[in-house]
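One-letter residues, chain by chain:
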Amino acid sequence: MAVQSDSGGKDDVKTQFVTREGTYRLMTLSEYSRPNRVGYTSGSGSTHVRVSLVTLPPGAAPGSDGPTSEDRICFNHGKELYVYVYKGIKKAADLTKPVDKKMYKGTNPTCHDFNTVTMTPDSVSLVIGFSTGQIQLIDPIKKELSKLYNEERLIDKSRVTCMKWVPGSSNLFIAAHASGQLYVYNEELNCGTTTPQYQLFKHGDGYSIHTCRTKSTRNPLYRWVIGAESCINEFAFSPCGTNLAVVSQDGFLRCFHYDTMELVGRARSYFGGFLCVCWSPDGKYVVVGGEDDLVTVWSFSERRVVARGQGHRSWVSVVAFDPYIVSLGEPATEDTREDKSESAQSYRLGSVSQDTQLCFWDLTEDVLKPAVRARASTHLSPNSNNISSNGIPGTKVHQKCTKNNKIGHKHAELGGNNAAGEPSGAKAAKSKSNNISTLNINVGKAKEEASGSLGVNFTQRLAALSFGERRSDHRRNFSLTKSTDKSSAANTVALRGKSAGAQTNDSCDPVKLIGTPSCPRFDECPVLEPLVCKKIAHERLTALLFRSEYFITACADGCVNTWSRPLRSAPGPTRRDRVDLTD
C-alpha cells in the first residue's frame, strides 16, 4: 500500500489531505485557542491539551444563537481552562464569548469529562482533574456548582491523568492517578478530613481493590491498585459500559469486567509504556498506542494481539476509532468466514503522535481474522513478509457485552445510603467581574509522588529477543538478535483459567510474555502501514475526536483545530453512517 507520509521541515504543515473517500480540509475559522497564545515551551507546564466535547439535548440554552449552539467544547492549556459554544464547520469560532474560563494558581488542569447522563439544555456537569491531585466538579453553564474532592491531597498526591464518568451513572466518576491507582467517587459524598484507611476488597492477577475502613460511607468508594503502582496513563469503558480497559507506564493493557472486578485479558508493549487506549465501536477490539511508537490492535474475544501499526516516528499520544466510517467490502467466502451471517467489515482508526503527524489506518477483516490473513498482503508492511499465515495461537473466548449490564451496581449500594450533603472540602469559587475564577491550592512542602516506571533491566533483556526489521528512518535504531526459543507461546496459561483471587507474577518478568498472544514477536503478527500519514501541527499532538461532519485535533501549544470531512457525494467504498451496534 502506498503511504502518504511527510518528512519535510518544520514548516511543512498540511492543511488538507486526500484519502479514498475524499479530501479532508482544515477549517481555519474554526480554530479555538487561548487568547493571545504564545508558542509552546517545555517549561510552560502544558504537558497535555485535552479536549472534551458534548452535545446538549435540544432546547434554548443561554447564549444560543443558532442551530449549532447545542455543542460545548472544553480544553485546557497550562493553568487555564476554557469552555466555548462549539459551532463546528458552519460558523467561525467566537473567542470573545467563552461560556466559562478559569485560571488556577499552584496547579494545572490535566483532564476533564462531561456528564452526559444528567445534562439538560441549560446545564451540564464537568469534572476536572489537576496536576497536584485535586478534583473539581463545576457546571460551566449555570455556574452554580463547584465542589472539590481530595482538596487536602489526603487520598492521593500525584497527578490526575484521566477522568471519566461511569457509563449510565448520574453521580459516579473515576479518577486515574500517576501513582498507579484508580479511585471511584460519588459526587454526593464527602471525602473526609483524615487520611483514608483501606481494607482489601478483592485481588487478582497483578491488581487489588480496596474500600475505605470507615463507619460511614465516604469517598473514595473504591481504590484500584493496578500493576506495580506505575502511572496509569488512560482508561476507557467499552461501548456497552461492561468492560474497562486500562493502560499504564509498565507497558501493560489490562482489560477488566467492571462489575465483577475481574481481569479478563491483557497485552504487553515491546518496550516503554502504553499511553492511550480506545475501543472499537462494536466493542470487539481494543487499540492502544505508546512509547514503542506503534499502534497495537488487541482482540477482546480472542484475548490476543492481532496486528501492529507502524508509521509514527515518536510516541503515540492518542488513538481513536472513527465510528462514522464503515467500509463494507466483498463478503468473506463461506470457507473462511467464521460467522456466515456477517459480511466483511473494516474499521477506520486515527492516531496522533508527538511527531506532530496524523495517521489514518484501515483495519480490514483479512488482517484481523487469522483464517483469511493470507489475503492481507496488500495491507501489510514490507517488513512483515515473513509473517506466518497461521497467526499466533490464542485462547478464544467469546464474551459479548450485554445491554442490561449493571453499571455501578456495587458502587450504588455502597454509596446510596449517605448521599446527602456536600463534601467537606467543597468550596464555591467566587467569580470575578471578568468571569475568571481562581482556585488557590496550597501544596506546601508536599511534592508530587514519582510515578512507577519500567524496570531498568527490561530494555537490556529485550535486546536478546527478535523485534523484527525496523525502518531505516525510524527515530530509534536497534541491533537485536533473533531468538529461536518460542516455547513460551506453548506454555502460555489462559487468563480465564486462573482463580480470581490468585496472585501471580503478572509483571515481575515482562520479557517472558514476548512470543505469547499477549505480545507476539514483530514477525509473528501483521504489521500495518497507515492509509495516510501527514504532519498537521508544529507542536506535538495531544487530542483527536471524531464527529459525523468533522474531526478535532489539538496540540501542545493550546491550538484546537477542526477538520471538515469529504462531501457525502465523494466516490469510494466507504460511507459515513454510524456503526450499527444492535447485532
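Structural notes, computed from the coordinates.

Thresholds, definitions, all that
- Residues numbered from 1 in each chain as written.
- Predicted model: local features only at pLDDT ≥ 70, side-chain atom pairs only at ≥ 80, totals over all residues.
- Heavy atoms only, no water.
- 1 Å grid on protein atoms, 1.4 Å probe; cavity = no way out; pocket = protein on both sides within 12 Å on 5 of 7 lines; lining within 4 Å.
- Points joined across faces, edges and corners; volume = space filled by probe spheres on them.
- Helix = DSSP H or I, 4+ residues; strand = E, 2+ residues; numbered from the N terminus.
- Nonpolar A, V, L, I, M, F, W, Y, C, P; charged D, E, K, R; others polar.
- Pairing = 2+ DSSP bridges.
- Axes fitted to C-alpha atoms, helices over the stretch in contact; angles between N-to-C directions.
- Contact = heavy atoms within 4.5 Å.
- Buried < 20%, exposed > 50% of the residue type's maximum accessible area, 1.4 Å probe, protein only.

A separate point is the layout of surface pockets. Gaps between atoms show up when a probe of the same size as a water molecule is rolled over them. Taken as a whole, the largest pocket encloses approximately 1,700 Å³ of empty space. Along the walls of the largest pocket sit 49 residues, with Asp-113, Lys-164, Phe-237, Leu-545 and Arg-547 positioned nearest its centre. Those elements giving two or more residues to the lining of the largest pocket turn out to be β3 (51–55), β7 (109–114), β11 (160–165), β17 (232–237), β21 (274–279), β25 (316–328) and β31 (541–546). Among the elements that line the lining of the largest pocket, the one with the most residues is β25, at six residues. Looking at the lining of the largest pocket residue by residue, the classes come out as 32 nonpolar, 11 polar and six charged.

Further remarks concern the sheet that holds strand β9 (residues 135–138). The strand order across the open sheet formed by four strands is β7-β8-β9-β10, and the pairing between neighbours is antiparallel. Edge strands, defined here as strands with exactly one partner in the open sheet, are β7 and β10 (146–149). Neighbour-to-neighbour, the strand axes of the sheet open up by a mean angle of 20 degrees, direction not taken into account. In terms of strand pairing, strand β8 (residues 126–130) meets β9 through four bridges, oriented antiparallel. Bridging from a neighbouring strand, Ile-128 pairs with Gln-136 of β9.

Tracing the sequence through the fold places Gln-181 in strand β13 (residues 181–186). Discounting residues that sit within four places of it in the chain, Gln-181 has contacts with Asp-156, Ala-175, Ala-176, Arg-223, Trp-224, Val-225 and Ile-232.

Before going further, it helps to examine the pairing of strand β20 (residues 262–268). By the criterion of burial, β20 is predominantly enclosed, with six of the seven residues buried. Pairing analysis gives six bridges linking strand β19 (residues 252–257) to β20, with the strands arranged antiparallel. Counterpart to Phe-256 in the pairing with β20 is Leu-263. Between β19 and β20, which follow one another and run antiparallel, lie four residues, and Met-261 among them has a positive phi close to 60 degrees.

No statement about biological role is implied by the geometric values presented.
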